[in-house]
Amino acid sequence: MKEFKVTPIRNGTVIDHIDCGMALKVLRIIGMTDGGKVQSPVSVLMHVPSKKEGWKDVVKVEDRELDPKEVDKIALIAPKATINIIRDFNVAEKYSVRMPERVVGKARCSNPNCITNQSEPVEPEFVVESKDPPVLRCVYCDRQLDDIAGNLL
Amino acid sequence: MDIVSIRDLSREQIEQVLERSERMIPYARGEMSSKALDGKILATLFFEPSTRTRMSFESAMMRLGGRITDLGVPSMSSISKGESLADTIRMVEVYSDIIVIRHPREGAARLAARFSSKPVINAGDGAGQHPTQTLLDLFTIKRIKKDFDKLKVVMVGDLKYGRTVHSMAEALSSFGVELTFVAPAALQMPKETVKQVEKAGGKPKLTNRLEETIADADVLYVTRIQKERFPDLAEYQKVAGMYRVDKRLLREAKSDLIVMHPLPRVDEIDPEVDDTQHAKYFEQAFNGVPVRMALLNLVLGGEL
């Protein structure tokens, strides 16, 4: 009999093909770190073999489908991730995250002296210079965003 | 049209500005007069002190027959009451036809351009961009050396925080100039800029020894080590005064080497250099007027 490290879920979302080591950051995006927001089990697999290439992380969230805003943020830190919506043990929907051309209002600029970190009525905005690995450049101060995961809003 | 970064201008547009600047020289000197921008108002917003940039913009506007309205000292205006830059810009744009802004925060000019329907020219945003300085530096080199191709340009001083050197290096490399960056490791050119230079086709040399680069240089571009940009005074004191351009150093130089500096200088160029044939920094400061005239005229569509 095949041995499962983590059993299949009945309903919920499987986030697959997360870049190795990024699973914990994905948990932050889906609100795991705000206590009380998550009511159902969440399982995390880190550093498991990937059929596509090398190693990957996987996150399984039960009884919950992600909203598009969360998916957009996952794209910024795990550009190869796929989202599998599970209904009654079957994959009801499957799609890859998509990195947009511009990222608006999803991350703050890592330059503390950037005008967007003052109380100005603008959302931080970045041009995507490379999708994988993700490289974002602030359209205001022209600096490259360091540590995307740590600057997500 | 806004001019926030030198990258907002194509190479053709840069060449057009340089060409027009040449034509502006007799007007900039006051030998000829013009009413090309008669009836136009330039708003100057200087949130940080400036002498040359501010005065040369004002002089440029007046030489073209235009007028100036000034924000005044930020601590004396609504800024001190906590008004956002966005609101200040919305107000200023209805009082003027074009806005020139200097601000201590990076990205301020881009933000201003987004909130203003009138053209915005960046006169320096923190440690960010200062495109009109780059244009006047390019103009100074072109006027004296005629051609950029294969010129050997040595940049020395604060290459990390100095806002003029980054856009200058990028622009020069796209013109086929050979670049050498001289700075102590802590103030060397940022990796990102080196990468941009390489992308533009340059192969910059990096060193911390000025005397080794002087013999075959055509242009020596000196910058001040800016105390105000250092987070740590101890780090500043370690590097301040490391490079000094004096007659002894220039003995090794070619006779037609030109020494440039965006000014103000502190002690990186000895005053004894001022009356040598190498010194071009005061001419460079004057060139701010014709170059800014050309830009104002271009952006506002004046006829000259």
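Residues numbered from 1 in each chain as written. Chains lettered and ligands numbered in written order. Predicted model: local features only at pLDDT ≥ 70, side-chain atom pairs only at ≥ 80, totals over all residues. Heavy atoms only, no water.

1. Re the state of the cysteines
All names here are of chain A. Considering all chains together, one arrives at 0 disulfides over all chains under this definition. Cys141 provides the cysteine sulfur closest to Cys109, a residue in no disulfide bond, and the two sulfurs are 3.7 Å apart. Unpaired in terms of disulfides, Cys114 finds its nearest cysteine sulfur in Cys138, a separation of 3.8 Å. Taking the relative accessible area as the measure of exposure, Cys114 reaches 0% and is therefore buried. (Disulfide = S-S within 2.5 Å. Buried < 20%, exposed > 50% of the residue type's maximum accessible area, 1.4 Å probe, protein only.)

2. A few points about the pairing of strand β4 (residues 82-87) of chain A
Residues and elements named next belong to chain A. The buried count for β4 comes to 5 of 6 residues, which makes it a mostly enclosed element. The sheet contact formed by β4 and strand β5 (residues 90-96) spans 6 bridges and is antiparallel. The residue bridging Asn84 from the neighbouring strand is Lys94, located in β5. Here β4 folds back onto β5 in antiparallel fashion, the turn holding 2 residues, of which Asp88 has a positive phi close to 50 degrees. (Helix = DSSP H or I, 4+ residues; strand = E, 2+ residues; numbered from the N terminus. Pairing = 2+ DSSP bridges.)

3. So, helix α2 (residues 68-77) of chain A
The α-helix winds at 3.6 residues per turn, so residues separated by three or four positions along the chain end up facing the same way. Residue and element names in this part refer to chain A. Within α2, 7 of the 10 residues are buried, which leaves it mostly tucked inside the rest of the structure. Listing the buried residues of α2 in full gives Glu70, Val71, Lys73, Ile74, Ala75, Leu76 and Ile77. On its buried face, α2 sits against β1 (12-18), α1 (23-29), β4, β5, β6 (102-104) and β8 (135-138). The backbone nitrogen of Lys69 has a side-chain oxygen 2.9 Å away, supplied by the residue at the start of α2, namely Asp67. (Contact = heavy atoms within 4.5 Å. Polar contact = N/O pair within 3.5 Å; in protein donor to acceptor, adjacent residues only side chain to side chain.)

4. Remarks on the domain arrangement of chain A
Residue and element names in this part refer to chain A. Domains assigned within chain A are domain 1 (12-96) and domain 2 (102-151). Between domain 1 and domain 2, the C-alpha centre-to-centre distance is 24 Å. At the interface, 8 residues of domain 1 touch 9 residues of domain 2. Carbon and sulfur atoms make up 70% of the surface buried where domain 1 meets domain 2, a total of about 740 Å² over both sides. Inspection of the domain 1/domain 2 interface yields 2 salt bridges. Of the charged contacts, one joins Lys80 and Asp132 as a salt bridge, the two residues approaching to 3.1 Å between their closest N and O atoms. (Domains from an automatic or database assignment. Buried area = accessible area lost by both parts, 1.4 Å probe. Salt bridge = Lys/Arg side-chain N within 4 Å of Asp/Glu carboxyl O.)

5. Quick look at the packing of aromatic side chains
Residues and elements named next belong to chain B. In total, this model carries 2 aromatic pairs over all chains according to the counting rule given. Pairing Phe148 with Phe175 gives two aromatic rings, centres 4.8 Å apart and planes at 40 degrees, and the pair type is tilted. Taken together, the residues Phe148 in the loop between α5 (131-145) and β5 (152-156) and Phe175 in the loop between α6 (163-174) and β6 (178-182) connect sequence positions 27 residues apart. Accessibility assignment for this pair places Phe148 and Phe175 in one class, buried. Look at Tyr281 and Phe282: their rings are 5.1 Å apart centre to centre, the planes differ by 65 degrees, and that puts the pair in the edge-to-face class. (Phe/Tyr/Trp six-rings, centres within 6.5 Å; stacked < 30°, edge-to-face > 60°.)

6. Overview of the sheet that holds β1 of chain A
Residues and elements named next belong to chain A. The strand order across the open sheet built from 5 strands is β2-β3-β1-β4-β5, with neighbouring strands paired in antiparallel fashion. The strands lining the two open edges of the sheet, one partner per strand, are β2 (42-49) and β5. Sheet twist, expressed as the mean angle between neighbouring strand axes with direction ignored, is 15 degrees. In this structure, β2 lies alongside strand β3 (residues 55-62), joined through 6 bridges in antiparallel fashion. Pairing of Pro49 across the sheet is with Trp55, part of β3. (Axes fitted to C-alpha atoms, helices over the stretch in contact; angles between N-to-C directions.)

7. A look at the packing of helix α1 (residues 11-28) of chain B against helix α10 (residues 281-300) of chain B
All names here are of chain B. Their axes nearest at 7 Å, the elements α1 and α10 cross at an angle of 115 degrees. Between α1 and α10 the crossing geometry is right-handed. Contact with α1, carried on its side by Gln16, Val17, Arg20, Ser21, Met24, Ile25, Tyr27 and Ala28, involves Phe286, Val289, Pro290, Val291, Met293, Ala294, Leu295, Asn297 and Leu298 of α10 and no other residues of that element. Tallied by class, residues from the contact of α1 with α10 come to 13 nonpolar, 3 polar and 1 charged. (Left-handed = near helix turned anticlockwise from the far one by under 90°. Nonpolar A, V, L, I, M, F, W, Y, C, P; charged D, E, K, R; others polar.)

8. Focus on the domain arrangement of chain B
All names here are of chain B. When the domains of chain B are assigned, the result is domain 1 (6-130 + 286-300) and domain 2 (131-284). Counting the surface domain 1 buries against domain 2, the share from its top three residues, Ile6, Leu18 and His130, is 27%. Applying the counting rule to domain 1 against domain 2 returns 2 salt bridges. Close ionic contact of Glu170 with Arg7 constitutes a salt bridge, the shortest N to O distance being 3.1 Å. The interface formed by domain 1 and domain 2 contains 14 residue pairs in polar contact (both at pLDDT 80 or more).

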